[in-house]
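# What the coordinates show
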Amino acid sequence: MIYKFRVILDTEEDIFRDIAIQEEDTLEDLHNSIVNAFGFDGLEIASFYTCDDEWKQEEEIPFFDTGDVPGEQKTMADYKLRNILDIHDTKIIYVYDFLNMWTFLVELGAVEEPENGVSYPDLLFSHGEMPANAPDADFGGKDNESNSFDDLEDGYNADDLGSFDEDNFDDLGLNDSNWS
């Protein structure tokens with residue numbers, strides 16, 4: 001079967017790509033298709049995130065194994081599309097380039113028979129031009145509350161930190177047992 005996805009850049013403008021890919025392909029294959037469809041060079045770190053129907057982020061599925069024990073953490077290459085997405089679980093979040101945070105909402109729109117003579121993955125439709133820079137993410141909270149230091153009631157004053165010996169971390173009051 002063929003999975004048809006709409007991949008939407010998380011921005012106010014309508015920028016999306018429709019991609020058809022085989023259900024036996026992996027999340028890594030979908031990652032590569034998204035990178036190509038949006039014109040990225042593919043040199044940046046990326047992850048998928050499972051999510052609920054309201055796009056609430058859940059489990060991370062990274063491109064690279066970032067676990068403490070090599071081979072212990074599953075990566076995009078370990079997940080076949082048909083094992084993680086279906087007609088009931090249709091949404092997944094994709095983040096490319098963690099410095100710029102290009103964030104995409106990926107939704108399974110159809111599951112169909114493959115077409116004769118078509119090579120998959122296939123870019124079906126492209127709408128909107130990519131901006132030069134990633135859209136600003138809104139990290140403000142439920143009511144767009146500001147998290148800026150400038151908005152603190154009492155303000156922020158570096159002099160309030162007091163003095164400490166840079167070579168003696170005991171002055172910071174850190175408990176070494178928390179760092180082992």
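Residues numbered from 1 in each chain as written. Predicted model: local features only at pLDDT ≥ 70, side-chain atom pairs only at ≥ 80, totals over all residues. Heavy atoms only, no water.

### A look at unusual backbone geometry
- Of note, the bond from Tyr120 into Pro121 is cis; its omega dihedral lies within 30 degrees of zero at 0 degrees.
- Residue position: Pro121 is located in the loop between β6 (102–112) and β7 (122–127).
- At Asp97, a position not held by glycine, the phi torsion is positive, near 65 degrees.
- Among the structural elements, Asp97 can be located in the loop between β5 (91–96) and β6.
- Despite not being glycine, Met101 shows a phi value in the positive range, around 60 degrees.
- By the secondary structure assignment, Met101 is in the loop between β5 and β6.
- Taking the relative accessible area as the measure of exposure, Met101 reaches 29% and is therefore partly exposed. (Helix = DSSP H or I, 4+ residues; strand = E, 2+ residues; numbered from the N terminus. Buried < 20%, exposed > 50% of the residue type's maximum accessible area, 1.4 Å probe, protein only.)

### Observations concerning the pattern of salt bridges
- Tallied over the full model, the rule gives 4 salt bridges.
- For Glu112, the salt bridge identified is with Lys4, shortest N-O distance 2.6 Å. With a gap of 108 residues between them, Glu112 in strand β6 and Lys4 in strand β1 (residues 2–9) connect regions that are remote in the sequence.
- One salt-bridge network, held together by shared partners, links Glu24, Lys80 and Arg82. (Salt bridge = Lys/Arg side-chain N within 4 Å of Asp/Glu carboxyl O.)

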